[in-house]
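Structural characterization, general
Spelled out from the first residue to the last, the chains are:
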Amino acid sequence: MSESHAPTLELTILMPCLNEAETLEVCILKAKGFLERSGIAGEVLVSDNGSTDGSQDIARRLGARVSDAPRRGYGAALLNGIEQARGRFIIMGDADDSYDFENLEPFVAQLRGGADLVMGNRFKGGIAPGAMPPLHRYLGNPVLSGIGQLFFRPNIGDFHCGLRGFNVARIRALNLQTTGMEFASEMVVKASLARYRIEEVPTTLKKDGRSRPPHLRSWHDGWRHLRFLLLFAPRWLFVYPGLVAFFVGAIAVGVLSFGGVRIGQVGFDVTTMVYASALCVLGYQALMFFWLTKLYATQEGFLPASERYRSIVAKWSAERGLLLGLALFLVGVAAGLVQVVRWGSLDFGPQDAATVIRIAVPSALGIMLGFQTVLMSFFSGVLTTPRRETPAATVIEA
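Notes on the structure follow. Quantities reported herein were computed from a predicted structural model and do not represent experimental measurements.

Criteria and thresholds
Residues numbered from 1 in each chain as written. Predicted model: local features only at pLDDT ≥ 70, side-chain atom pairs only at ≥ 80, totals over all residues. Heavy atoms only, no water. Disulfide = S-S within 2.5 Å. Buried < 20%, exposed > 50% of the residue type's maximum accessible area, 1.4 Å probe, protein only. Helix = DSSP H or I, 4+ residues; strand = E, 2+ residues; numbered from the N terminus. Pairing = 2+ DSSP bridges. Right-handed = clockwise from strand over helix to strand, strands pointing away. Salt bridge = Lys/Arg side-chain N within 4 Å of Asp/Glu carboxyl O. Patch = residues over 30% accessible without salt bridge, like charges linked within 9 Å, V, L, I, M, F, W, Y side chains within 5 Å. Areas by Shrake-Rupley, 256 points an atom, 1.4 Å probe, with all protein chains shown as cover. Core = buried A, V, L, I, M, F, W, Y, C linked by side-chain atoms within 4.5 Å. Contact = heavy atoms within 4.5 Å. Polar contact = N/O pair within 3.5 Å; in protein donor to acceptor, adjacent residues only side chain to side chain.

Structural notes on the state of the cysteines
- This structure, assessed with the given rule, holds zero disulfides.
- Considering cysteine sulfurs only, Cys17 is the nearest to Cys27, which forms no disulfide, with 9.3 Å between them.

Pasting the structure below:
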């Protein structure tokens, strides 16, 4: 941590702000009241995202510190606030008067007890009528929280609660990147991947005090969060479905190469073989996309790199991939040549279609998988070429 970032206070209450003149004052007064009542050495910091309604003047008049975020976006405002905070801990919450800034004691207690990230749980603390749209309350939040729990195991029930506290030094070490609504998910995901200590406390949610609609767009922002969770869980997006598709397709092709199979009243033959080969190729492509995605994401600091992964990367080389791809390609070509020789023995006359397909499909499969492996190896070689500068947080250590 640089000297300019050394904490001088225990707590910063951080509020991202974009034209919140209607509700900003009451939020600041509640936050300052909490600091005075609890005796905590702290500050209220408003990270302004380009307000044009005088929100900055309101904040300064009430004694809050204002920092202008140079980039637009919810995440950009919070990143700016985290960078500018003077507290050892931060508790962040929206400035729309929906979160309870008067009762932050449980957050502070967990942070003082060693928690790296403390999430509020609105479902345990209570949601006032009209505070959360039914679509969010009964579908969006439960589904996204469930997916987040399945993928990353943070052991929290409200993945997207905006009222949360954290140890500033630990969160800065995560090198958070996103500048939009995905920032809230990125914080939880990276903290989980880094094996940070994550706790959860009940908090309340009431209807916000603004007369205008909220910035949130249900379907658009919900999709962005889901997309983000999938991209940060490449095993679930690529590996697991890819392995299933590859092995099911490969086994089916291998079995049907020796003849048709009947299960009950249903028969499987060369037509099934063709589609099984397509399934095998799709699965193989998913696995290659995982490898390339992981390489790129770890190079750019979006995903952490475990010791096992770094060991595999150290042993892998583009040349080995090229040799593997070339071997698969040549096996496919050899099978094709065998078929041509057999055709020649028939004076290049008519052949039994089923027999031809039983050889042609494995041959074509070997050629396709081999060629794709060669291309993937060249591309991975580009991604792993040593560069002059490497992102500081390529690896996140717990």
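After that view of the structure, there is still more to cover.
With respect to the pairing of strand β2 (residues 42–48)
- In terms of burial, β2 is a largely internal element, six of the seven residues being buried.
- With seven bridges joining them, strand β1 (residues 9–17) and β2 adopt parallel strand pairing. Across the sheet, residue Leu14 finds its bridge partner in β2, namely Leu45.
- Traced from β1 through helix α1 (residues 24–38) to β2, the parallel crossover comes out right-handed.
- Bridge count for β2 against strand β3 (residues 65–68) is four bridges, and the pairing is parallel.

What to know about the pattern of salt bridges
- On inspection of all chains with the given rule, the structure shows twelve salt bridges.
- Note that Lys190 is salt-bridged to Glu186, the shortest N-O span being 3.3 Å. Separated by four residues within a single helix, Lys190 and Glu186 lie in helix α8 (residues 183–193), roughly one turn from each other.
- A relative accessible area of 0% means that Lys190 is categorised as buried.

Points about a nonpolar patch on the surface
- The grouping of Leu150, Trp236, Tyr240, Leu243, Phe247, Ile251, Val255, Val261, Ile263, Val266 and Phe268 at the surface amounts to a nonpolar patch, some 950 Å² of accessible area in total.
- For the nonpolar patch, the secondary structure elements donating two or more residues are α10 (234–256), β8 (261–263) and β9 (266–268).
- Top element by residues in the nonpolar patch is α10. It accounts for six residues.
- Within the secondary structure layout, Leu243 lies in helix α10.

Structural notes on unusual backbone geometry
- Non-glycine residue Asn155 carries a positive phi angle of around 60 degrees.
- Here Asn155 lies in the loop between α6 (134–152) and β6 (164–167).
- At Asn175, a position not held by glycine, the phi torsion is positive, near 55 degrees.
- With respect to the secondary-structure elements, Asn175 resides in the loop between α7 (168–172) and α8.

Side note on the nonpolar core
- Membership of the largest hydrophobic core comes to 36 residues, with the highest contact counts inside it found for Leu11, Ile13, Met15 and Ile28.
- Contributions of two or more residues to this core are made by β1, α1, β2, α2 (55–61), β4 (87–92) and α4 (105–112).
- At six residues, the largest contribution of residues to this core is made by α1.
- Aside from chain neighbours lying at most four places away, what touches Met15 is Leu24, Cys27, Ile28, Ala31, Val44, Leu45, Val46, Ser47, Gly93, Ala95 and Phe101.

Structural notes on the pairing of β6
- Burial along β6 is two-sided: Arg164 and Phe166 and Gly165 and Asn167, pointing in opposite directions, are all buried.
- Judged from the four bridges that link them, β4 and β6 form a sheet pairing that is antiparallel. Bridge pairing links Met92 to Arg164 in β6.
- Across three bridges, strand β5 (residues 117–121) lies against β6 in antiparallel orientation. Within the sheet, the bridge partner assigned to Leu117 lies in β6 and is Phe166.

Considering the side chain of Asn80
- Within the secondary structure, Asn80 sits in helix α3 (residues 74–84).
- The buried category is assigned to Asn80, whose relative accessible area is 10%.
- A distance of 3.0 Å separates a polar atom in the side chain of Asn80 from a polar atom in the side chain of Ser67.
- Leave out the neighbours within four places in its chain, and Asn80 touches Ser47, Ser67, Asp68, Ala69 and Pro70.

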